[in-house]
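Inside the fold
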Amino acid sequence: MKFIKYLAWTIICLFVLVPSIFLALIMTSTGSQFLIERTSEYAGIELTFEQLEGNLVSELTLKNLRVAQTNWQASAKYLSIAWQPTDLLDKRLVFKQIKSESFEFETLSTTPTAEASENIKLPQLQLPFELVIENLSAITNHVVVDSAKQKLPDVRGRFEWHDSTVAIKRLEVEYQQVTSTMSGNITTANDYPINLDVSWQVNSPLEKLAIDAITGTTILQGDLSQLSAVSEFGIAASPEMHRINVQLKGLLQREPYWLADVAITNLPTQPLLPLLVPAESPWNEWLADSRITLVATVDNQQAAIQTLDIAQIGKKNGALKFDGLLSNYLSFNDTPEQVRVRGLLSASTIVLPAEVLGIELAIDSIAGNIEGNLDSFQHNLTIAATYAENTS
């Protein structure tokens, strides 16, 4: 009989008393703090925080949090986590919200490792449970690498992760002048197949450009070995839409390759002029009403221009057309003499500003080919023009 009593008490302690004590412990702030600190010590993680509010059962808030290991450390001014522990019975980890403020992640200097392999190998990730985050908010984020601090985007969203599929219900990303909203799926297996719809806006893209915003959409499809990005965008106060289709290959390699098909339709030159010429320059008024149409195929070596039309030039609404090849264009800033151009040029009814030349030069027509760079330039052009001295 004593054995049966001992067995009964053992069962009560193991299955009733101990879980009750554990539950009572984590339902209090003090108990939750004790459990977090002991768990971090057992895992070999350095963890400190100034204040803990709530508990591990419902919602927990940590202020001035710092977590560190040998090779990295992370900190946050504010971290709040609310979850539903009862969903664990259904193999679902559900977070009602995860919010952080002033998050910073820093990699610490370590012994140099061997040179990275030629290609990046992606981890094959498959969760043993379903992860649901209903409200994610991370603002004022930074990363520190080699003592260099870089700002990261602010992120807000909702997503679910089941097996190897991440279903992004809504993800808002803000970084400097760029805001975007995306939805779709990413698979964390093989080469990470991607299917995302992105809406985005760039506010005041460059300081000198007279453009308030560029707004567009992008469809991302493929995987990290071969990805397609089809974009359509417009410029504020202009009704025309423009398209860029980019094909990216070998994103996991050291030198990925990309190819873009560009279609720009009737783009006003006026918003671009502050970047090209001074406001008081005669060229400003000369190009104020002009519009650009461009059809080209561009890769990281050259731009094959099928059509470049500049219309409504000057007071006679002249036109300039070019088709040809622009090579080594990425060298323009460092070694502009390496940039080469070759193609056919034509123009009609262009009147150059007399304030620049001292005479009024009217070009009736230009036709021919050009080839060369800034150091050496050749052309075979037929030009019909008239001029008159500026007597004003």
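Residues numbered from 1 in each chain as written. Predicted model: local features only at pLDDT ≥ 70, side-chain atom pairs only at ≥ 80, totals over all residues. Heavy atoms only, no water.

Each helix and strand counted, the chain has five helices and 23 strands in total. Burial status across the chain gives 32% buried among its 392 residues. Here the analysis covers contacts within the chain between residues at least 6 apart in sequence; of these, 40% occur between residues at least 24 apart. When the accessible area of the chain is evaluated, it comes to approximately 24500 Å², of which 57% is carbon and sulfur surface. (Helix = DSSP H or I, 4+ residues; strand = E, 2+ residues; numbered from the N terminus. Buried < 20%, exposed > 50% of the residue type's maximum accessible area, 1.4 Å probe, protein only. Contact = heavy atoms within 4.5 Å. Areas by Shrake-Rupley, 256 points an atom, 1.4 Å probe, with all protein chains shown as cover.)

To continue, consider the nonpolar core. Of all hydrophobic cores here, the largest spans 57 residues; its most connected members are L131, I133, I214 and I350. Of the residues forming this core, the biggest block, five residues, is contributed by strand β13 (residues 194-203). If we skip the residues at most four places from it in the chain, L131 touches L93, F95, F159, E160 and W161. (Core = buried A, V, L, I, M, F, W, Y, C linked by side-chain atoms within 4.5 Å.)

What follows deals with the environment of N203. Within the element layout of this structure, N203 appears in strand β13. Looking at N203, the relative accessible area reads 28%, which means it is partly exposed. Apart from residues no more than four positions distant in its own chain, N203 is found in contact with Q177, D212 and A213. Polar contacts involving the side chain of N203 include one to the side chain of Q201, which spans 2.6 Å. (Polar contact = N/O pair within 3.5 Å; in protein donor to acceptor, adjacent residues only side chain to side chain.)

What follows covers the packing of aromatic side chains. Within this structure, the stated rule accounts for three aromatic pairs. On the basis of an interplanar angle of 20° and a centroid distance of 5.9 Å, the ring pair of W72 and F105 is categorised as stacked. Residue W72 is found in strand β4 (residues 72-83), and its partner F105 is found in strand β6 (residues 104-107); the two are separated by 33 residues along the sequence. For W72, a relative accessible area of 25% translates into the label partly exposed. A relative accessible area of 28% means that F105 is categorised as partly exposed. With a centroid separation of 6.4 Å and an interplanar angle of 40°, the aromatic rings of W200 and F233 are classed as tilted. Placement of W200 in strand β13 and of F233 in strand β15 (residues 226-235) is noted, with a sequence separation of 33 residues between them. (Phe/Tyr/Trp six-rings, centres within 6.5 Å; stacked < 30°, edge-to-face > 60°.)

The next thing to look at is the pairing of strand β17 (residues 257-268). Here strand β16 (residues 241-249) pairs with β17 via seven bridges, running antiparallel. Counterpart to R243 in the pairing with β17 is A263. (Pairing = 2+ DSSP bridges.)

Right, let's talk about the side chain of N284 for a bit. Position of N284 relative to the elements: it lies in helix α4 (residues 282-286). Apart from the residues within four sequence positions on either side, N284 is in contact with L273, V277, P278 and A279.

Below, the discussion takes up the environment of N185. Relative to the helices and strands, N185 resides in strand β12 (residues 178-187). Separated by 25 residues in sequence, N185 and E160 have C-alpha atoms that sit 9.7 Å apart. Filtering out sequence-adjacent residues up to four positions away, N185 remains in contact with T165, V166, A167, P193, I194, N195 and L196.

A separate point is the environment of V155. Among the secondary structure elements, V155 is positioned in strand β10 (residues 154-162). The sequence separation of V155 and K99 amounts to 56 residues, and the corresponding C-alpha distance is 9.9 Å. Setting aside its immediate chain neighbours within four residues, V155 contacts L136, S137, A138, N141, L171 and E172.

Turning our eyes to something else, we now look at a nonpolar patch on the surface. Taken together, L206, L275 and L276 make up a surface patch of nonpolar side chains, about 300 Å² in accessible area. Here L206 shows up in the loop between β13 and β14 (213-222). (Patch = residues over 30% accessible without salt bridge, like charges linked within 9 Å, V, L, I, M, F, W, Y side chains within 5 Å. Salt bridge = Lys/Arg side-chain N within 4 Å of Asp/Glu carboxyl O.)

Right, let's get into the confidence of the model for the chain. Confidence along the chain averages 83 in pLDDT terms, with 87% of residues attaining 70 or more. For the chain, helix α1 (residues 2-26) is the element with the lowest average pLDDT, namely 48, and β12 is the one with the highest, namely 95. Confidence drops under pLDDT 50 across residues 5-9; counting only partners more than four residues distant or on other chains, this segment forms zero contacts. For residues 11-20, every residue scores under 50 in pLDDT, and the model assigns this stretch five contacts once sequence neighbours within four places are set aside. (pLDDT = per-residue confidence, 0-100.)

Phi at K91 is positive, roughly 60°, even though this residue is not glycine. Within the secondary structure layout, K91 lies in the loop between β4 and β5 (92-101). Looking at K91, the relative accessible area reads 61%, which means it is exposed. Phi at N328 takes a positive value of approximately 55°, unusual for a residue other than glycine. Here N328 is to be found in the loop between β20 (318-327) and β21 (340-352). The exposure class assigned to N328 is partly exposed, which follows from its relative accessible area of 32%.

This model, assessed by the stated rule, comprises 12 salt bridges. The partner of E53 in a salt bridge is K63, and the shortest N-O contact between them spans 3.5 Å. On the criterion of sequence distance, the pair formed by E53 in strand β2 (residues 51-54) and K63 in strand β3 (residues 59-68) is long-range, its members being 10 residues apart. For E53, a relative accessible area of 33% puts it in the partly exposed group. A salt bridge links K96 to E134; the nearest nitrogen and oxygen atoms lie 3.1 Å apart. Of the two residues, K96 sits in strand β5 while E134 sits in strand β7 (residues 130-139), which places them 38 residues apart along the sequence.

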